[in-house]
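Here are the chains, one letter per residue:
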Amino acid sequence: MNAVLVPRLDFMPMAAADVPAIMETENRIYPFPWSAGNFADSLASGHSAWVCREAGAMVGYAVMMLVLDEAHLLNISVAAERQRGGLGSRLLEFLFEEAKAHGAARMFLEVRPSNASGLGLYRRFGFAEIGRRRGYYPAHDGREDAIVMARDL
Ligand SMILES: CC(C)(COP(=O)(O)OP(=O)(O)OC[C@H]1O[C@@H](n2cnc3c(N)ncnc32)[C@H](O)[C@@H]1OP(=O)(O)O)[C@@H](O)C(=O)NCCC(=O)NCCS
């Protein structure tokens, strides 16, 4: 029987030194990416910010804000060439555990109605739409609403 080698994922706290590599992915996968300053502000604010590495290479990252018993997912991203391979799910499951370990009972997030991958991921994990924020995001032809979603942890 052949051995099956499953590459290990490491979840490391995001550091300022990670931001340049993060920005390469960020600029590639979002029409309206965060700036390096947004990541620096997240680190300065003490948000729960993580980099996911496989054999040392960064394959994803995420930022969430933890306040009392609520977690707010601010960014979850998988490198373009690694999407649809289960990494987003692994990252989200890691965040659920991290949020619960800090006393969060519910996770909230915003997503663009046009973001099929984001919506697909969140629905798969049982997030339900709880509202809309009109014109929340910049868009190429004006503004785009945000769907607000939540899930118990
Ligand atoms: C959203 C994202 C993090 C998902 O990561 P991923 O590694 O591709 O996700 P997974 O492979 O774990 O997929 C989990 C589920 O998400 C859904 N999904 C993922 N990509 C999808 C796509 N392109 N279209 C529709 N559903 C998709 C599916 O339900 C999928 O399950 P399945 O493969 O069994 O059908 C990734 O696509 C990404 O980085 N997108 C760009 C950044 C972004 O939009 N982030 C979310 C901001 S709100």
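Residues numbered from 1 in each chain as written. Predicted model: local features only at pLDDT ≥ 70, side-chain atom pairs only at ≥ 80, totals over all residues.

Q: Sorry if this is basic, but what is going on with the overall build of the chain here?
A: Counting secondary structure elements, the chain contains four helices and seven strands. Secondary structure of the chain in N-to-C order comes out as β-α-α-β-β-β-α-β-α-β-β. Whereas a compact globule of 153 residues would reach a radius of gyration of roughly 15 Å, the chain reaches 16 Å, a difference of no more than 12%. When its C-alpha atoms are laid out on the principal axes, the chain stretches across 55 × 35 × 30 Å. (Helix = DSSP H or I, 4+ residues; strand = E, 2+ residues; numbered from the N terminus. Rg over C-alpha atoms; globule rule 2.2 N^0.38 Å.)

Q: Please explain helix 1 (residues 19–29) as it appears in this structure.
A: An α-helix turns once per 3.6 residues; consequently, residues spaced three or four apart project the same way. Three or more residues of helix 1 are buried, namely V19, I22 and T25. The buried residues of helix 1 occupy one face: seen down the axis, they fall within an arc of 120°. Residues of helix 1 that are exposed and point more than 90 degrees away from the buried face comprise P20, E24, N27 and R28. Residues of helix 1 that are buried in the fold lie against helix 2 (36–44), strand 3 (57–67) and strand 4 (70–78). (Buried ≥ 20, exposed ≤ 12 C-beta atoms within 10 Å, placed from the backbone. Arc of directions from axis to C-beta. Contact = placed C-beta atoms within 7 Å.)

Q: What exactly am I supposed to notice about the site of the ligand here?
A: Around the ligand, a shell composed of 20 residues is seen, among which G88, S89, S117, G118 and G120 lie nearest. Elements supplying a minimum of two residues to the shell around the ligand: strand 4, helix 3 (87–101) and helix 4 (116–124). In terms of residues, the shell around the ligand owes the most to one element, helix 4, which gives six residues. Along the lines of polarity and charge, the residues of the shell around the ligand split into eight nonpolar, 10 polar and two charged. (Near = placed C-beta within 6 Å. Nonpolar A, V, L, I, M, F, W, Y, C, P; charged D, E, K, R; others polar.)

Q: Please explain the sheet that holds strand 6 (residues 128–139) as it appears in this structure.
A: Two strands in a sheet stick together by hydrogen bonds in their backbones, pointing the same way (parallel) or opposite ways (antiparallel). Ordered in space as 1-2-3-4-5-7-6, the seven strands form an open sheet in which the pairing is mixed. Pairing within the sheet leaves two strands with one partner each, and these edge strands are strand 1 (9–13) and strand 6. This sheet shows a mean twist of 25° between the axes of neighbouring strands, independent of strand direction. When strand 5 (residues 106–111) meets strand 7 (residues 142–152), the two strands line up antiparallel, connected through six bridges. Within strand 7, the residue paired with L109 across the bridge is M149. Where helix 3 meets the sheet, its contacts fall on strand 1, strand 2 (48–54), strand 3, strand 4 and strand 5, and the angle it forms with strand 3 comes to roughly 35°. (Pairing = 2+ DSSP bridges. Axes fitted to C-alpha atoms, helices over the stretch in contact; angles between N-to-C directions.)

Q: What should I look at first to understand unusual backbone geometry in this one?
A: Leaving glycine out, the prevailing phi sign among residues is negative, and the prevailing peptide bond configuration is trans. In this structure, A55 takes a positive phi of about 50° despite not being glycine. When the 9 C-beta atoms within 10 Å are taken as the criterion, A55 is described as exposed. Although it is not a glycine, L68 sits at a positive phi angle of roughly 50°. Within the fold, L68 resides in the loop between strand 3 and strand 4.

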